[in-house]
Amino acid sequence: MQTINRFFYGPSAEEKVRAWQSKLRAEQRVLDREMRQLDAATKKAQQTVKQLAKKGDVKSARIMAREVVRSHKQMDRLSVSKARLGSIGHQLQQQLAMVKVTGSLQKSTEIMKLSNALIKLPQISQAMREMSMEMTKAGIMEEMMDDTLQMAEDEDLEVEADAEVDKVLYELTEGKLGQAGTVKEDLPSLQDQVQDEETERAMEEYRQQLNGLLSG
């Protein structure tokens, strides 16, 4: 009988919720993998900042420090997004309890709000769009407006305050760099330094790796 009902009416409300919960866990694993890769690339970039500071290459050190700031912001964003996925899963679990009482799925503004925020994250945007459409058909969400579906990178991932960059420089170089761009006297003069080709190549490699992760 259950097979016949599924053939004529599609999956039951409980089956739909279980499927969504499985997809949410899969997307959480995607973000976990992204966060591990970003963390590894960030640590390499931090080490490069220290090497550049020792050589007195203040300009390059600031460039890499800016990438570190961007990666920290992206890590925070991924962490928040993972928590949002978990919150949707929790809301769906509550829906299961309601199905036993009412026999149907209920509209949820909380799930809609969380889904709208997650659609803006490139790493899971497509999966969340598809899931949102399924939930809309199931009656959990209202149809989203076009402006909600627009992809938009947060401006703070592109423009970082100098104060944040200075703070990273100060922490990574133990106070040698980072105070309004000043350099302590024990650092070699920038004019006297010869660009180290190996460090330069490493810096470009880490920048490309970070940019790839940050762009999704």
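Residues numbered from 1 in each chain as written. Predicted model: local features only at pLDDT ≥ 70, side-chain atom pairs only at ≥ 80, totals over all residues. Heavy atoms only, no water.

### Some remarks on the overall build of the chain
Inference 1: If you tally the helices and strands in the chain, you get 8 helices and 0 strands.
Inference 2: When burial is assessed residue by residue, the chain has 39% of its 216 residues classed as buried.
Inference 3: In the chain, the share of contacts with a sequence separation of at least 24, taken over all contacts with a separation of at least 6, comes to 78%.
Inference 4: Total accessible area on the chain stands at roughly 12,800 Å², and carbon and sulfur atoms take up 50% of it. (Helix = DSSP H or I, 4+ residues; strand = E, 2+ residues; numbered from the N terminus. Buried < 20%, exposed > 50% of the residue type's maximum accessible area, 1.4 Å probe, protein only. Contact = heavy atoms within 4.5 Å. Areas by Shrake-Rupley, 256 points an atom, 1.4 Å probe, with all protein chains shown as cover.)

### Quick word on the packing of helix H3 (residues 58–102) against helix H4 (residues 109–119)
Inference 1: Interaxial distance between H3 and H4 falls to 10 Å at its minimum, and their mutual angle equals 155°. The angle between H3 and H4 places the two elements in the roughly antiparallel class. As H3 packs across H4, the resulting crossing turns out to be left-handed. Residues Ser-81, Arg-84, Leu-85, Ser-87, Ile-88, Gln-91 and Leu-92 of H3 form the contact with H4, whose participating residues are Glu-110, Ile-111, Leu-114, Ser-115, Ala-117 and Leu-118.
Inference 2: Tallied by class, the residues present in the contact of H3 with H4 amount to 7 nonpolar, 4 polar and 2 charged. (Axes fitted to C-alpha atoms, helices over the stretch in contact; angles between N-to-C directions. Parallel < 35°, antiparallel > 145°, perpendicular 65-115°, else oblique. Left-handed = near helix turned anticlockwise from the far one by under 90°. Nonpolar A, V, L, I, M, F, W, Y, C, P; charged D, E, K, R; others polar.)

### A look at the side chain of Gln-21
Inference 1: Within the secondary structure, Gln-21 sits in helix H2 (residues 13–55).
Inference 2: Non-local contacts of Gln-21, meaning those with residues more than four positions away in its chain, are made with Gly-89, Leu-92, Gln-93 and Leu-96.

### Describing the confidence of the model for the chain
Inference 1: Averaged over the chain, the pLDDT score is 78; the fraction of residues at 70 or greater is 69%.
Inference 2: Counting contacts from residues 146–158, a segment whose pLDDT is below 50, to residues more than four positions away or on other chains yields 23 contacts.
Inference 3: Scored below 50 in pLDDT, residues 180–194 makes 24 contacts in the model with residues more than four places away or belonging to other chains. (pLDDT = per-residue confidence, 0-100.)

### Remarks on the pattern of salt bridges
Inference 1: Tallied over the full model, the rule gives 8 salt bridges.
Inference 2: Of the charged contacts in the structure, one is a salt bridge between Lys-43 and Asp-39, with a shortest N-O distance of 3.3 Å. With Lys-43 and Asp-39 both in helix H2, this residue pair falls 4 residues apart, about one helical turn.
Inference 3: Overall, Lys-43 belongs to the exposed group, its relative accessible area being 53%. (Salt bridge = Lys/Arg side-chain N within 4 Å of Asp/Glu carboxyl O.)

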